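Chain residues, written in single-letter form:
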Amino acid sequence: MDKKKIIDNASWIIGCKLVKAVLTLLVTILTARYLGASNYGLINYAASLVTFMTPVMKLGLDAILVHELINDADHQGEILGTSIVLNTLSALLCIIGVVTFSMVTNAGETETHIVCFLYSLLLLFQAVEMVQYWFQAKLLSKYTASSMLISYGSITVFQICLLMRKANIYWFSVSHSLEYMILAGMLISIFKKKTNLQFRFSLNAAHRMLNKSKYYILSGLMVTIFSQTDKVMIKMMMDNASVGYYSAAATCASMTSFVFVAIIDSMRPVIFKSKQENETQFKNNISYLYTIIFYFSLLQCLVITAFSSVIIGVMYGSEYNTSSNVLRVIVWFTTFSYIGTIRDIWILSEGKQSFLWKINFLGAFANVILN
(Lines give C-alpha, C1' and ligand atoms only; values in the text may rest on other atoms or scores of the structure.)
Protein backbone atom coordinates (compact mmCIF):
# COMPACT_ATOMS: atom_id res chain seq x y z
CA MET A 1 0.00 0.00 0.00
CA ASP A 2 1.52 3.31 -1.12
CA LYS A 3 0.63 5.33 1.98
CA LYS A 4 2.36 8.48 0.74
CA LYS A 5 0.29 8.55 -2.44
CA ILE A 6 -2.89 7.82 -0.50
CA ILE A 7 -2.17 10.57 2.04
CA ASP A 8 -1.29 13.03 -0.73
CA ASN A 9 -4.48 12.16 -2.61
CA ALA A 10 -6.62 12.47 0.53
CA SER A 11 -4.89 15.72 1.53
CA TRP A 12 -5.88 17.37 -1.74
CA ILE A 13 -9.49 16.33 -1.29
CA ILE A 14 -9.63 17.33 2.37
CA GLY A 15 -7.84 20.65 1.79
CA CYS A 16 -10.08 21.76 -1.06
CA LYS A 17 -13.23 20.50 0.61
CA LEU A 18 -12.28 22.26 3.83
CA VAL A 19 -12.26 25.54 1.94
CA LYS A 20 -15.55 24.53 0.33
CA ALA A 21 -17.00 23.72 3.76
CA VAL A 22 -16.13 27.20 5.00
CA LEU A 23 -17.72 28.78 1.93
CA THR A 24 -20.76 26.52 2.33
CA LEU A 25 -21.08 27.57 5.95
CA LEU A 26 -20.99 31.24 4.95
CA VAL A 27 -23.53 30.88 2.14
CA THR A 28 -25.78 28.58 4.17
CA ILE A 29 -25.94 31.04 7.05
CA LEU A 30 -26.73 33.97 4.78
CA THR A 31 -29.15 32.09 2.52
CA ALA A 32 -31.08 30.38 5.33
CA ARG A 33 -31.53 33.68 7.15
CA TYR A 34 -32.49 35.56 3.97
CA LEU A 35 -34.96 32.97 2.67
CA GLY A 36 -36.45 32.14 6.07
CA ALA A 37 -37.45 28.67 7.29
CA SER A 38 -40.29 28.30 4.76
CA ASN A 39 -38.38 29.05 1.53
CA TYR A 40 -35.27 27.34 2.87
CA GLY A 41 -37.44 24.30 3.49
CA LEU A 42 -38.80 24.46 -0.07
CA ILE A 43 -35.28 24.47 -1.52
CA ASN A 44 -34.40 21.45 0.59
CA TYR A 45 -37.62 19.70 -0.44
CA ALA A 46 -36.60 20.09 -4.09
CA ALA A 47 -33.10 18.88 -3.22
CA SER A 48 -34.58 15.77 -1.60
CA LEU A 49 -36.65 14.92 -4.67
CA VAL A 50 -33.58 15.30 -6.88
CA THR A 51 -31.56 13.19 -4.47
CA PHE A 52 -34.22 10.48 -4.73
CA MET A 53 -33.67 10.41 -8.48
CA THR A 54 -29.86 10.52 -8.34
CA PRO A 55 -29.34 6.74 -7.83
CA VAL A 56 -31.67 6.08 -10.78
CA MET A 57 -29.84 8.64 -12.92
CA LYS A 58 -26.44 7.16 -12.10
CA LEU A 59 -27.72 3.62 -12.78
CA GLY A 60 -25.34 2.30 -10.12
CA LEU A 61 -22.40 3.03 -12.45
CA ASP A 62 -20.75 5.38 -9.96
CA ALA A 63 -20.28 2.40 -7.61
CA ILE A 64 -18.45 0.24 -10.15
CA LEU A 65 -16.57 2.66 -12.42
CA VAL A 66 -13.33 2.73 -10.39
CA HIS A 67 -13.40 -1.07 -10.26
CA GLU A 68 -14.03 -1.29 -14.02
CA LEU A 69 -11.29 1.21 -14.90
CA ILE A 70 -8.73 -0.66 -12.79
CA ASN A 71 -9.69 -4.14 -14.01
CA ASP A 72 -10.04 -3.22 -17.71
CA ALA A 73 -7.40 -0.54 -18.30
CA ASP A 74 -7.35 -1.16 -22.08
CA HIS A 75 -10.94 0.04 -22.57
CA GLN A 76 -11.13 3.10 -20.33
CA GLY A 77 -12.45 5.43 -23.05
CA GLU A 78 -15.21 2.97 -23.85
CA ILE A 79 -16.13 2.54 -20.18
CA LEU A 80 -16.31 6.29 -19.54
CA GLY A 81 -18.08 7.14 -22.81
CA THR A 82 -20.71 4.46 -22.31
CA SER A 83 -21.41 5.52 -18.73
CA ILE A 84 -21.80 9.20 -19.71
CA VAL A 85 -24.27 8.38 -22.51
CA LEU A 86 -26.32 6.08 -20.27
CA ASN A 87 -26.38 8.62 -17.45
CA THR A 88 -27.37 11.50 -19.72
CA LEU A 89 -30.36 9.57 -21.07
CA SER A 90 -31.44 8.54 -17.58
CA ALA A 91 -30.97 12.14 -16.35
CA LEU A 92 -33.54 13.41 -18.85
CA LEU A 93 -36.06 10.82 -17.68
CA CYS A 94 -35.35 11.63 -14.04
CA ILE A 95 -35.97 15.36 -14.56
CA ILE A 96 -39.37 14.48 -16.01
CA GLY A 97 -39.95 12.23 -13.01
CA VAL A 98 -39.13 14.98 -10.48
CA VAL A 99 -41.48 17.48 -12.12
CA THR A 100 -44.26 14.92 -12.47
CA PHE A 101 -44.01 13.89 -8.81
CA SER A 102 -44.11 17.53 -7.73
CA MET A 103 -47.20 18.27 -9.86
CA VAL A 104 -49.06 15.24 -8.52
CA THR A 105 -48.20 15.53 -4.81
CA ASN A 106 -48.14 19.35 -4.66
CA ALA A 107 -51.04 20.13 -6.99
CA GLY A 108 -51.65 23.84 -7.42
CA GLU A 109 -48.28 24.87 -5.90
CA THR A 110 -46.75 26.51 -8.97
CA GLU A 111 -43.76 27.85 -7.07
CA THR A 112 -42.90 24.34 -5.84
CA HIS A 113 -43.10 22.94 -9.40
CA ILE A 114 -40.76 25.60 -10.81
CA VAL A 115 -38.23 25.24 -7.97
CA CYS A 116 -38.17 21.45 -8.40
CA PHE A 117 -37.63 21.75 -12.17
CA LEU A 118 -34.82 24.29 -11.89
CA TYR A 119 -33.06 22.31 -9.18
CA SER A 120 -33.37 19.02 -11.11
CA LEU A 121 -31.39 20.38 -14.08
CA LEU A 122 -28.20 19.59 -12.17
CA LEU A 123 -28.81 15.89 -12.98
CA LEU A 124 -27.75 16.52 -16.59
CA PHE A 125 -24.38 17.88 -15.53
CA GLN A 126 -23.88 15.17 -12.91
CA ALA A 127 -24.09 12.69 -15.79
CA VAL A 128 -21.06 14.27 -17.47
CA GLU A 129 -19.31 14.56 -14.12
CA MET A 130 -18.87 10.75 -14.13
CA VAL A 131 -15.43 11.34 -15.65
CA GLN A 132 -14.25 12.16 -12.10
CA TYR A 133 -13.95 8.43 -11.40
CA TRP A 134 -11.07 8.18 -13.88
CA PHE A 135 -9.12 10.66 -11.72
CA GLN A 136 -10.12 8.71 -8.61
CA ALA A 137 -8.91 5.43 -10.11
CA LYS A 138 -5.55 7.05 -10.92
CA LEU A 139 -5.24 8.66 -7.46
CA LEU A 140 -5.28 12.07 -9.16
CA SER A 141 -7.96 13.59 -6.98
CA LYS A 142 -6.06 16.88 -6.79
CA TYR A 143 -7.57 17.73 -10.19
CA THR A 144 -11.16 16.92 -9.20
CA ALA A 145 -10.73 18.60 -5.82
CA SER A 146 -9.36 21.83 -7.28
CA SER A 147 -12.05 21.81 -10.00
CA MET A 148 -14.74 21.43 -7.34
CA LEU A 149 -13.23 24.29 -5.39
CA ILE A 150 -13.15 26.63 -8.40
CA SER A 151 -16.70 25.74 -9.46
CA TYR A 152 -18.07 26.14 -5.95
CA GLY A 153 -16.11 29.33 -5.41
CA SER A 154 -17.65 30.80 -8.56
CA ILE A 155 -21.15 29.85 -7.45
CA THR A 156 -20.52 31.22 -3.97
CA VAL A 157 -19.77 34.61 -5.49
CA PHE A 158 -22.88 34.25 -7.66
CA GLN A 159 -25.07 33.40 -4.66
CA ILE A 160 -23.71 36.31 -2.64
CA CYS A 161 -24.62 38.57 -5.57
CA LEU A 162 -28.12 37.07 -5.49
CA LEU A 163 -28.37 37.91 -1.79
CA MET A 164 -27.18 41.47 -2.39
CA ARG A 165 -29.73 41.90 -5.19
CA LYS A 166 -32.44 40.22 -3.06
CA ALA A 167 -33.20 37.75 -5.82
CA ASN A 168 -36.14 35.36 -5.63
CA ILE A 169 -36.01 31.68 -4.77
CA TYR A 170 -35.83 30.60 -8.43
CA TRP A 171 -32.33 32.00 -8.84
CA PHE A 172 -31.10 30.11 -5.79
CA SER A 173 -32.60 26.92 -7.25
CA VAL A 174 -30.81 27.24 -10.58
CA SER A 175 -27.48 28.17 -8.97
CA HIS A 176 -26.91 24.53 -7.98
CA SER A 177 -27.22 23.47 -11.62
CA LEU A 178 -24.71 26.12 -12.67
CA GLU A 179 -22.20 24.77 -10.14
CA TYR A 180 -22.32 21.28 -11.66
CA MET A 181 -22.19 22.72 -15.18
CA ILE A 182 -18.91 24.53 -14.41
CA LEU A 183 -17.49 21.45 -12.68
CA ALA A 184 -18.38 19.10 -15.54
CA GLY A 185 -16.81 21.45 -18.09
CA MET A 186 -13.57 21.72 -16.11
CA LEU A 187 -13.25 17.96 -15.55
CA ILE A 188 -13.73 17.19 -19.24
CA SER A 189 -11.17 19.85 -20.18
CA ILE A 190 -8.54 18.50 -17.73
CA PHE A 191 -9.27 14.91 -18.78
CA LYS A 192 -8.59 15.80 -22.44
CA LYS A 193 -5.27 17.40 -21.49
CA LYS A 194 -4.12 14.53 -19.27
CA THR A 195 -4.89 11.64 -21.63
CA ASN A 196 -5.45 10.75 -25.27
CA LEU A 197 -8.41 8.53 -24.43
CA GLN A 198 -11.48 9.03 -26.62
CA PHE A 199 -15.02 8.57 -25.33
CA ARG A 200 -16.84 5.76 -27.14
CA PHE A 201 -20.25 4.19 -26.63
CA SER A 202 -20.53 0.42 -26.72
CA LEU A 203 -23.69 -1.65 -26.38
CA ASN A 204 -21.64 -4.59 -25.15
CA ALA A 205 -19.96 -2.45 -22.51
CA ALA A 206 -23.34 -0.99 -21.51
CA HIS A 207 -24.81 -4.46 -21.10
CA ARG A 208 -21.82 -5.70 -19.10
CA MET A 209 -21.70 -2.71 -16.75
CA LEU A 210 -25.46 -2.54 -16.22
CA ASN A 211 -25.50 -6.23 -15.41
CA LYS A 212 -22.97 -5.53 -12.67
CA SER A 213 -24.40 -2.19 -11.51
CA LYS A 214 -28.10 -3.14 -11.47
CA TYR A 215 -27.90 -4.13 -7.83
CA TYR A 216 -26.58 -0.68 -6.96
CA ILE A 217 -29.55 1.10 -8.57
CA LEU A 218 -32.09 -0.40 -6.18
CA SER A 219 -29.59 -0.32 -3.33
CA GLY A 220 -28.85 3.36 -3.93
CA LEU A 221 -32.56 4.12 -4.09
CA MET A 222 -33.10 2.36 -0.78
CA VAL A 223 -30.25 4.35 0.80
CA THR A 224 -31.80 7.55 -0.53
CA ILE A 225 -35.18 6.62 0.90
CA PHE A 226 -33.90 6.26 4.42
CA SER A 227 -31.68 9.35 4.12
CA GLN A 228 -34.05 11.73 2.31
CA THR A 229 -37.62 10.49 2.82
CA ASP A 230 -37.76 12.34 6.15
CA LYS A 231 -37.80 15.73 4.42
CA VAL A 232 -40.39 14.65 1.85
CA MET A 233 -42.70 13.18 4.49
CA ILE A 234 -42.29 16.23 6.75
CA LYS A 235 -43.29 18.45 3.82
CA MET A 236 -46.35 16.30 3.10
CA MET A 237 -47.42 15.87 6.75
CA MET A 238 -46.38 19.25 8.18
CA ASP A 239 -45.06 22.34 6.33
CA ASN A 240 -42.08 23.97 4.59
CA ALA A 241 -40.82 25.55 7.82
CA SER A 242 -40.54 22.15 9.51
CA VAL A 243 -38.50 20.91 6.54
CA GLY A 244 -36.27 23.94 7.00
CA TYR A 245 -35.62 23.15 10.68
CA TYR A 246 -34.91 19.50 9.94
CA SER A 247 -32.67 20.37 6.95
CA ALA A 248 -30.64 22.75 9.07
CA ALA A 249 -29.91 19.96 11.54
CA ALA A 250 -29.12 17.47 8.75
CA THR A 251 -26.68 19.92 7.18
CA CYS A 252 -24.84 20.39 10.46
CA ALA A 253 -24.72 16.63 11.07
CA SER A 254 -22.89 16.03 7.81
CA MET A 255 -20.76 19.18 7.65
CA THR A 256 -17.52 17.23 8.19
CA SER A 257 -18.45 14.42 5.78
CA PHE A 258 -15.84 15.60 3.27
CA VAL A 259 -13.07 14.30 5.55
CA PHE A 260 -14.54 10.80 5.65
CA VAL A 261 -15.36 10.80 1.94
CA ALA A 262 -11.79 11.84 1.13
CA ILE A 263 -10.31 9.01 3.19
CA ILE A 264 -12.68 6.39 1.74
CA ASP A 265 -12.25 7.56 -1.86
CA SER A 266 -8.47 7.52 -1.54
CA MET A 267 -8.47 3.99 -0.13
CA ARG A 268 -11.02 2.60 -2.62
CA PRO A 269 -8.66 2.01 -5.62
CA VAL A 270 -5.97 0.68 -3.27
CA ILE A 271 -8.39 -1.87 -1.82
CA PHE A 272 -9.56 -2.98 -5.27
CA LYS A 273 -5.97 -3.42 -6.43
CA SER A 274 -4.90 -5.32 -3.30
CA LYS A 275 -7.80 -7.72 -3.85
CA GLN A 276 -6.21 -8.67 -7.18
CA GLU A 277 -2.69 -9.01 -5.81
CA ASN A 278 -2.73 -10.08 -2.15
CA GLU A 279 -5.73 -11.35 -0.17
CA THR A 280 -4.05 -10.76 3.19
CA GLN A 281 -3.20 -7.17 2.30
CA PHE A 282 -6.76 -6.71 1.04
CA LYS A 283 -8.20 -7.75 4.42
CA ASN A 284 -5.71 -5.55 6.25
CA ASN A 285 -6.65 -2.55 4.11
CA ILE A 286 -10.36 -3.08 4.77
CA SER A 287 -9.76 -3.39 8.54
CA TYR A 288 -7.52 -0.33 8.51
CA LEU A 289 -10.20 1.75 6.79
CA TYR A 290 -12.96 0.53 9.10
CA THR A 291 -10.90 1.43 12.17
CA ILE A 292 -10.06 4.97 11.04
CA ILE A 293 -13.61 5.81 9.97
CA PHE A 294 -15.31 4.31 13.03
CA TYR A 295 -13.30 6.13 15.70
CA PHE A 296 -13.16 9.47 13.89
CA SER A 297 -16.91 9.47 13.23
CA LEU A 298 -17.63 8.49 16.84
CA LEU A 299 -15.57 11.45 18.02
CA GLN A 300 -17.47 13.74 15.64
CA CYS A 301 -20.84 12.56 16.99
CA LEU A 302 -19.84 13.22 20.60
CA VAL A 303 -18.61 16.75 19.85
CA ILE A 304 -21.66 17.76 17.78
CA THR A 305 -24.07 16.30 20.36
CA ALA A 306 -22.41 18.30 23.15
CA PHE A 307 -22.36 21.59 21.23
CA SER A 308 -25.52 21.29 19.07
CA SER A 309 -27.16 24.45 20.44
CA VAL A 310 -24.03 26.50 19.85
CA ILE A 311 -23.58 25.11 16.32
CA ILE A 312 -27.18 25.84 15.31
CA GLY A 313 -27.07 29.28 16.91
CA VAL A 314 -23.90 30.31 15.09
CA MET A 315 -24.91 28.87 11.72
CA TYR A 316 -28.60 29.70 11.53
CA GLY A 317 -29.53 32.09 14.32
CA SER A 318 -32.27 32.00 16.95
CA GLU A 319 -35.01 31.38 14.37
CA TYR A 320 -33.69 27.83 14.02
CA ASN A 321 -33.38 26.96 17.74
CA THR A 322 -35.78 24.05 17.19
CA SER A 323 -33.11 22.37 15.06
CA SER A 324 -30.68 21.82 17.96
CA ASN A 325 -32.69 18.97 19.51
CA VAL A 326 -33.05 17.34 16.09
CA LEU A 327 -29.28 17.61 15.55
CA ARG A 328 -28.52 15.77 18.81
CA VAL A 329 -30.41 12.76 17.49
CA ILE A 330 -29.71 12.54 13.77
CA VAL A 331 -25.95 13.16 13.96
CA TRP A 332 -25.53 9.56 15.11
CA PHE A 333 -26.61 8.18 11.74
CA THR A 334 -23.35 9.40 10.18
CA THR A 335 -21.17 6.74 11.80
CA PHE A 336 -23.29 3.93 10.40
CA SER A 337 -23.54 5.66 7.02
CA TYR A 338 -19.76 5.76 6.57
CA ILE A 339 -19.41 2.14 7.73
CA GLY A 340 -22.02 1.20 5.12
CA THR A 341 -19.93 2.87 2.41
CA ILE A 342 -16.92 0.73 3.34
CA ARG A 343 -19.12 -2.36 3.39
CA ASP A 344 -20.16 -1.59 -0.19
CA ILE A 345 -16.50 -1.53 -1.27
CA TRP A 346 -15.99 -4.98 0.29
CA ILE A 347 -19.17 -6.31 -1.33
CA LEU A 348 -18.07 -5.15 -4.80
CA SER A 349 -14.58 -6.59 -4.28
CA GLU A 350 -16.09 -9.96 -3.36
CA GLY A 351 -18.73 -9.88 -6.14
CA LYS A 352 -21.64 -10.06 -3.69
CA GLN A 353 -23.68 -7.15 -5.09
CA SER A 354 -26.94 -9.12 -4.96
CA PHE A 355 -27.01 -8.67 -1.16
CA LEU A 356 -26.99 -4.88 -1.34
CA TRP A 357 -30.64 -4.22 -2.12
CA LYS A 358 -31.79 -6.62 0.60
CA ILE A 359 -29.69 -4.91 3.25
CA ASN A 360 -30.76 -1.42 2.23
CA PHE A 361 -34.40 -2.39 1.71
CA LEU A 362 -34.64 -3.23 5.41
CA GLY A 363 -33.25 0.20 6.28
CA ALA A 364 -35.63 2.02 3.93
CA PHE A 365 -38.66 0.04 5.16
CA ALA A 366 -37.81 0.75 8.79
CA ASN A 367 -37.35 4.48 8.06
CA VAL A 368 -40.75 4.92 6.40
CA ILE A 369 -42.60 2.88 9.04
CA LEU A 370 -40.95 4.77 11.93
CA ASN A 371 -41.73 8.13 10.28
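Look up a bit, the structure's there.
Cut-offs used in this document
- Residues numbered from 1 in each chain as written.
- Predicted model: local features only at pLDDT ≥ 70, side-chain atom pairs only at ≥ 80, totals over all residues.
- Heavy atoms only, no water.
- Helix = DSSP H or I, 4+ residues; strand = E, 2+ residues; numbered from the N terminus.
- Buried < 20%, exposed > 50% of the residue type's maximum accessible area, 1.4 Å probe, protein only.
- Contact = heavy atoms within 4.5 Å.
- Areas by Shrake-Rupley, 256 points an atom, 1.4 Å probe, with all protein chains shown as cover.
- Salt bridge = Lys/Arg side-chain N within 4 Å of Asp/Glu carboxyl O.
- Axes fitted to C-alpha atoms, helices over the stretch in contact; angles between N-to-C directions.
- Parallel < 35°, antiparallel > 145°, perpendicular 65-115°, else oblique.
- Nonpolar A, V, L, I, M, F, W, Y, C, P; charged D, E, K, R; others polar.
- Left-handed = near helix turned anticlockwise from the far one by under 90°.
- Expected span 1.5 Å × (residues − 1).
- Bend = angle between axes of the 7 residues up to and from the residue.
- Arc of directions from axis to C-beta.
- Polar contact = N/O pair within 3.5 Å; in protein donor to acceptor, adjacent residues only side chain to side chain.

Participant: Hey, could you run me through the overall build of the chain in this one?
Facilitator: Along the backbone of the chain there are 16 helices and zero strands. Principal-axis analysis of the C-alpha atoms gives the chain an extent of 55 × 40 × 40 Å. Classification of the 371 residues of the chain by burial places 50% in the buried group. Across the chain, every contact between residues at least 6 apart in sequence was considered, and the portion connecting residues at least 24 apart equals 83%. As displayed, the chain offers around 16,800 Å² of accessible surface, 66% of which is attributable to carbon and sulfur atoms.

Participant: Explain the pattern of salt bridges to me, please; I cannot follow it from the model alone.
Facilitator: As enumerated under the stated definition, the model contains three salt bridges in all. The salt bridge involving Lys-275 is made with Glu-350; its shortest N-O contact spans 3.2 Å. Placement of Lys-275 in helix H11 (residues 257–277) and of Glu-350 in helix H15 (residues 333–350) is noted, with a sequence separation of 75 residues between them. On the basis of relative accessibility, which here comes to 26%, the residue Glu-350 falls in the partly exposed class. Between Asp-344 and Arg-343 there is a salt bridge, and its shortest N-O distance comes to 2.9 Å.

Participant: Where do I start with the environment of Phe-117 in this structure?
Facilitator: One can find Phe-117 in helix H4 (residues 110–120). Remark: the alpha-carbon pair of Phe-117 and Ile-345, spanning 228 residues in sequence, is separated by 33 Å. When sequence neighbours within four positions are dropped, the list of residues in contact with Phe-117 reads Ile-95 and Val-99.

Participant: Can you help me understand the packing of helix H2 (residues 61–71) against helix H3 (residues 76–105) in this one?
Facilitator: How two helices sit against one another is set out by the angle between their axes and by the gap between those axes. As a packed pair, H2 and H3 sit with axes 10 Å apart at the nearest point and diverge in direction by 170°. Between H2 and H3, the interaxial angle falls into the category roughly antiparallel. On H3, the residues that touch Leu-61, Leu-65, Glu-68 and Leu-69 of H2 are Gln-76, Ile-79, Leu-80, Ser-83, Leu-86 and Asn-87. Taken together, the residues of the contact of H2 with H3 sort by class into six nonpolar, three polar and one charged.

Participant: Would you mind showing me how to read the packing of helix H13 (residues 308–316) against helix H14 (residues 323–330) here?
Facilitator: In the contact formed by H13 and H14, the axes pass within 8 Å of each other and the chain directions differ by 125°. One finds that H13 runs oblique with respect to H14. As H13 runs across H14, the sense of the crossing is right-handed. Along its contact with H13, which presents Ser-308, Ser-309, Ile-311 and Ile-312, the element H14 presents Ser-323, Ser-324, Leu-327 and Arg-328.

Participant: Explain H11 to me, please; I cannot follow it from the model alone.
Facilitator: Within an α-helix, residues lying three or four positions from one another point in the same direction, as the helix has 3.6 residues per turn. Here H11 contains 21 residues, and its C-alpha end-to-end distance of 31 Å stays within 8% of the 30 Å for a straight helix at 1.5 Å per residue. At Arg-268, H11 shows its strongest bend, of approximately 30°, with the proline Pro-269 following within four residues.

Participant: Would you take a moment to explain unusual backbone geometry for this structure?
Facilitator: Glycine aside, residues mostly have negative phi angles, and peptide bonds mostly take the trans form. For Leu-59, which is not glycine, the phi torsion reads 55° and is therefore positive. Among the secondary structure elements, Leu-59 is positioned in the loop between helix H1 (3–58) and H2.

Participant: Honestly, helix H16 (residues 356–370) in this entry has me stumped. Any pointers?
Facilitator: If you check H16, its first and last C-alpha atoms are 22 Å apart, about what 15 residues at 1.5 Å a residue would give, namely 21 Å. Listed in full, the buried residues belonging to H16 are Leu-356, Asn-360, Ala-364 and Asn-367. Considered in projection along H16, the buried side chains sweep an arc of 60° and stay on one side of the axis. Opposite the packed face of H16, turned more than 90 degrees from it, sit the exposed residues Leu-362, Ile-369 and Leu-370.

Participant: Is there a simple way to explain the side chain of Ser-173 in this structure?
Facilitator: When you line up the elements, Ser-173 lands in helix H8 (residues 169–194). Relative accessible area serves as the criterion here: at 0%, Ser-173 is assigned to the buried category. Within the structure, the side chain of Ser-173 is placed 3.0 Å from the backbone oxygen of Ile-169, a separation counted as a polar contact.

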